[in-house]
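Analysis of the macromolecular model
The chain contents come next:
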Amino acid sequence: MTSPAAVIVLAAGAGTRMKSATPKVLHRIGGRTLLGHVLATARALDPAHLVTVVRHEREAVAAHVAEVDPAALIADQDDVPGTGRAVQCALEALEAATGAPCEGAVVVLAGDVPLLDAGTLAALLEAHEADGNAVTALSTLVEDPTGYGRVVRGPDGEVTGVVEHKDATPEQLAINEINASVYVFDGAALREGLSGVDRDNAQGEVYLTDVLALARRAGRRVAALVAEDSIVVEGVNDRTQLATLGAELNRRTLTRWMLEGVTVVDPATTWVDVEVELAPDVTLLPGTQLHGATTVATGAVIGPDTTLTDVEVGEGATVARTHGSLAIVGAGASVGPFSYLRPGTVLGAQGKIGAYVETKNAEIGAGSKVPHLSYIGDATIGEHTNVGAASVTLNYDGTNKHRTTIGSYVRIGGDTMMVAPVTVGDGAYTGAGAVLRRDVPPGALAVTTGSQRNIEGWVASRFPDSAAARAAAAAQPTDEQPPAPTGDAEPTDGDPS
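Here is a short report on the structure shown in this document. These figures come from a predicted structure and were not determined experimentally.

Further remarks concern the environment of Asp 76. Along the chain, Asp 76 falls in strand S5 (residues 73-76). Residue class for Asp 76 comes out partly exposed when judged on its relative accessible area of 41%. As for Asp 76 and Val 54, which are separated by 22 residues in sequence, their C-alpha atoms are 5.2 Å apart. Not counting the four nearest positions on each side in its chain, Asp 76 is found in contact with Val 54, Arg 58 and Cys 89. For Asp 76, the side chain forms a polar contact with the side chain of Arg 58, separated by 2.7 Å.

In this model, helix H8 (residues 239-259) (21 residues) spans 30 Å end to end at C-alpha, consistent with the 30 Å of a helix rising 1.5 Å per residue. Its side-chain oxygen 3.1 Å from the backbone nitrogen of Thr 240, Asp 238 forms the N-cap of H8. A positive phi of about 105° marks Gly 261, the residue just after H8.

By secondary structure assignment, the location of Thr 41 is in helix H1 (residues 34-44). In contact with Thr 41, not counting residues within four places along its chain, are Leu 116, Asp 117, Ala 118 and Leu 121.

A word on the packing of H1 against helix H2 (residues 58-68). Their axes nearest at 11 Å, the elements H1 and H2 cross at an angle of 45°. Put simply, H1 runs oblique to H2. Once H1 is placed against H2, the crossing between them reads as right-handed. In contact with Leu 35, Gly 36 and Leu 39 of H1, H2 contributes Val 61, His 64, Val 65 and Val 68. Classifying every residue of the contact of H1 with H2 gives 5 nonpolar, 2 polar and no charged.

What counts as what
- Residues numbered from 1 in each chain as written.
- Predicted model: local features only at pLDDT ≥ 70, side-chain atom pairs only at ≥ 80, totals over all residues.
- Heavy atoms only, no water.
- Helix = DSSP H or I, 4+ residues; strand = E, 2+ residues; numbered from the N terminus.
- Buried < 20%, exposed > 50% of the residue type's maximum accessible area, 1.4 Å probe, protein only.
- Contact = heavy atoms within 4.5 Å.
- Polar contact = N/O pair within 3.5 Å; in protein donor to acceptor, adjacent residues only side chain to side chain.
- Expected span 1.5 Å × (residues − 1).
- Axes fitted to C-alpha atoms, helices over the stretch in contact; angles between N-to-C directions.
- Parallel < 35°, antiparallel > 145°, perpendicular 65-115°, else oblique.
- Left-handed = near helix turned anticlockwise from the far one by under 90°.
- Nonpolar A, V, L, I, M, F, W, Y, C, P; charged D, E, K, R; others polar.

Printed below as a string of structure tokens:
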């Protein structure tokens, strides 16, 4: 198959049935916009030129094209409506950019057909070249063709043209072969045909489909290739179709990964974007959503009820009931349940981020653990360090963020507050409830709590008729049971695990 001279993507329509402030082609399924899917498919054909025609919400659509395919040319459609006029504007923009009329095969695609794949287009191009056609359209057979243009064939089966639904006769309305709005044109035949198209139709538009009939009248060969899988050529016009095609795309994505060795326990509740990469022997548990450029290495288990966006998960890691973005989870590490990995989180191999832990811009070394109920933000933690429950790096002074550095083999006692900037040296310990405002030297114990003091009889004097006072009175020692020692108790550090 020869690469086409140009691919033209039509993205100028308003999409009013979406009832949205967002242009129709910028709505998303599978991690890409509808237009993004079409541009990726178009680029897979390796065309010499790729042109996108814009009009409605021009700046937003053009900016998106520049983001996802900077090499694509933008063509602006003028006030003349219709797909034929859109293609004319694309050819004019292409000629202005290259200094010459476009020669060779020109592929025309709609910007709202996200499931169309490069294999189907390659087959269309091959048929076009093999038969020497002036125009080769893609069609499909449907049970209910209402609203679609019908492919009209002569007694010999040759395509004589395409008639739009509003312009069709009763006999033509009975045809169930519909035009998929995907074409390959010979460049010269396309220019000649467009020059002869008028707006004498029910919608007052310049129809691109009229080029087929004009080419046939000129004695050129026109053909239609029937796509057996009709959903690949289905467009999006409303939110219902958006959801339907989104679900179908996800089903196909999961099927592909399962055939490549990924276990998906519940496909009905698992969503994976098209750019996600999964290795064999990954397991996705129910309620898993993987978005963006997320990658998961072999043997990792994700879920249940986990959403990861642009997250790298290492070999053999587990991530359960977690929300994460722009983070790295090392090999053999564990995360969750109910963890929140914010951007910049890097968890080393065999590390742990446990229940109800939030991390942000934090580097946590190999074998280090933040097991539960803690916030670690703007921090660097060395290897094999344990951070006790309810500990916090206090990184924000109201104006600026500051960094906390914790060394290797450190034991942070429960409920330790680290007021950044502060450094805890290798091998150091902190007592439970410590508030660190100064650096802790390597191997030191940091303790900031005062001695414990018990005020006897306080409940009975403050709340004499309360249930607590009655319970305390009942628990007082009898004459046969000597009272427990009272007075100040020595502080204890507790178990910092």
